[in-house]
Amino acid sequence: KSREAQLHAFEEMHERVRQDEAKKRLQEQLDSIIRQIPMRFRDKSFEDYVIELEAQNKIKSIAMRYVETFSERLKEGAGMILTGKPGTGKTMLSL
């Protein structure tokens, strides 16, 4: 192989290793986040959210819209803060 071909092969291998390491770090971060989610919420979805008040229906709709447009919100740096009394479903909606 020519020196140029060897250099190109090395650069490609280095890039694959770099990407694999980045994927591994991302997976480790995701695993760490998931471990912080209380067990009782890990298998929940929006369908499990019990609506008792009209305000809960509205916030569920807002939360669902936020999730549907999450990529855009992330690019904008836009977050969502849920506030309210205990037992209103803030944790459930945040996951």
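Criteria and cut-off values
- Residues numbered from 1 in each chain as written.
- Predicted model: local features only at pLDDT ≥ 70, side-chain atom pairs only at ≥ 80, totals over all residues.
- Heavy atoms only, no water.
- pLDDT = per-residue confidence, 0-100.
- Helix = DSSP H or I, 4+ residues; strand = E, 2+ residues; numbered from the N terminus.
- Salt bridge = Lys/Arg side-chain N within 4 Å of Asp/Glu carboxyl O.
- Buried < 20%, exposed > 50% of the residue type's maximum accessible area, 1.4 Å probe, protein only.

**Q** Just checking my understanding: could you explain the confidence of the model for the protein for this structure?
**A** Detailed reading of predicted coordinates is not advised where the pLDDT is low. Considering every residue of the protein, the mean pLDDT works out to 89; 99% of them sit at 70 or more. When the elements of the protein are averaged for pLDDT, helix α4 (residues 90–94) gives the smallest value, 86, and helix α1 (residues 3–36) the largest, 92.

**Q** Before we go on, may I ask you to explain the pattern of salt bridges in this structure?
**A** Side chains carrying opposite charge are able to pair once their charged atoms draw close together. Inspection of every chain in the model, using the stated rule, returns 2 salt bridges. Measuring nitrogen to oxygen at the nearest pair gives 2.5 Å for the salt bridge that ties E15 to R18. One end of the pair is E15 and the other is R18, both in helix α1 and 3 residues apart, which spans about a single turn. Notably, a salt bridge pairs R73 with E76, separated by 2.9 Å at the nearest N-O pair. Taken as a pair, R73 and E76 lie in helix α3 (residues 70–76) at a separation of 3 residues, close to a single helical turn. Accessibility expressed as a relative area gives 55% for E76, which makes it exposed.

**Q** For this particular structure, what's the right way to read the environment of Q36?
**A** By secondary structure assignment, the location of Q36 is in helix α1. Its relative accessible area of 62% is what places Q36 among the exposed residues. As for Q36 and M92, which are separated by 56 residues in sequence, their C-alpha atoms are 14 Å apart.

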